[in-house]
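Coordinates in review
If you want the building blocks of each chain, they are given just below.
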Amino acid sequence: SRDLARLLRVLKDDELAVSFEMVTRRHGHHGQLPAGEYLVATSAHGHDPYGAPSFLPWRRFLQFCTAMKLPVNDTWLFA
């Protein structure tokens, strides 16, 4: 899809990696038992000028996820 192609292009161009949490029907998500299985983005990082990992600040991470249509934990938005 175009969204996936755009995401992969941005990840490559910006040299970013995204981490996800897998939510399963069996284990649930923070006490809830979802109807289906899905991924939730938990962090994104690139690297600093010295090559060490550099995580996106919280606000920038949420903006990135929103722009890329990545799922996030909706309770984080109200914390």
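Our structure's up above, just so we're on the same page.
Residues numbered from 1 in each chain as written. Predicted model: local features only at pLDDT ≥ 70, side-chain atom pairs only at ≥ 80, totals over all residues. Heavy atoms only, no water.

**Focus: the pattern of salt bridges**
How we decide: When a carboxyl oxygen of Asp or Glu is within 4 Å of a side-chain nitrogen of Lys or Arg, the pair counts as a salt bridge. Helix and strand definitions follow DSSP, with helices as H or I runs of at least four residues and strands as E runs of at least two, each counted in order from the N terminus. The rule is simple: take the accessible area with a 1.4 Å probe, protein chains only, and divide by the maximum for that residue type; under 20% is buried, over 50% is exposed, in between is partly exposed.
All chains considered together, the criterion is met by one salt bridge. When the shortest N-O distance is used, the salt bridge between Lys-69 and Asp-3 registers 3.7 Å. Residue Lys-69 is found in the segment after α2 (58–68), and its partner Asp-3 is found in helix α1 (residues 2–13); the two are separated by 66 residues along the sequence. Among the residues examined, Lys-69 registers a relative accessible area of 59% and is labelled exposed. Judged by relative accessible area, which is 40%, Asp-3 ranks as partly exposed.

**Re α2**
For the record, the criterion: Regarding the arc, it is the one traced by the directions from the helix axis to the C-beta atoms.
Taken together, the buried positions of α2 are Phe-61, Leu-62, Phe-64, Cys-65 and Met-68. Looking straight down α2, one finds its buried side chains confined to an arc of 160 degrees; they lie on one side. Those residues of α2 that are exposed and aimed more than 90 degrees away from the buried face are Arg-59, Gln-63 and Thr-66. With its phi angle positive at about 60 degrees, Lys-69 sits one or two positions after the end of α2.

**Some remarks on the sheet that holds strand β1 (residues 17–23)**
Note the cut-off: Between any two strands, pairing holds if DSSP finds at least two bridges. To define axes, lines are fitted to C-alpha atoms, for helices over the stretch in contact only, and angles between the resulting N-to-C directions are given on a 0 to 180 degree scale. Should any heavy atoms of two residues lie within 4.5 Å, those residues are counted as being in contact.
Across the sheet, which stays open at both edges, the three strands sit in the order β1-β2-β3 with antiparallel pairing between neighbours. The sheet is open, and its two edges are formed by β1 and β3 (53–55), each paired on a single side. Each strand axis lies, on average, 40 degrees off the axis of its neighbour in the sheet, ignoring direction. Taken together, the three bridges between strand β2 (residues 38–47) and β3 define a ladder with antiparallel strand orientation. When the sheet's bridge partners are listed, His-45 is paired in β3 with Phe-55. Against the sheet, α2 engages β1 and β2, with an angle of about 125 degrees to β2.

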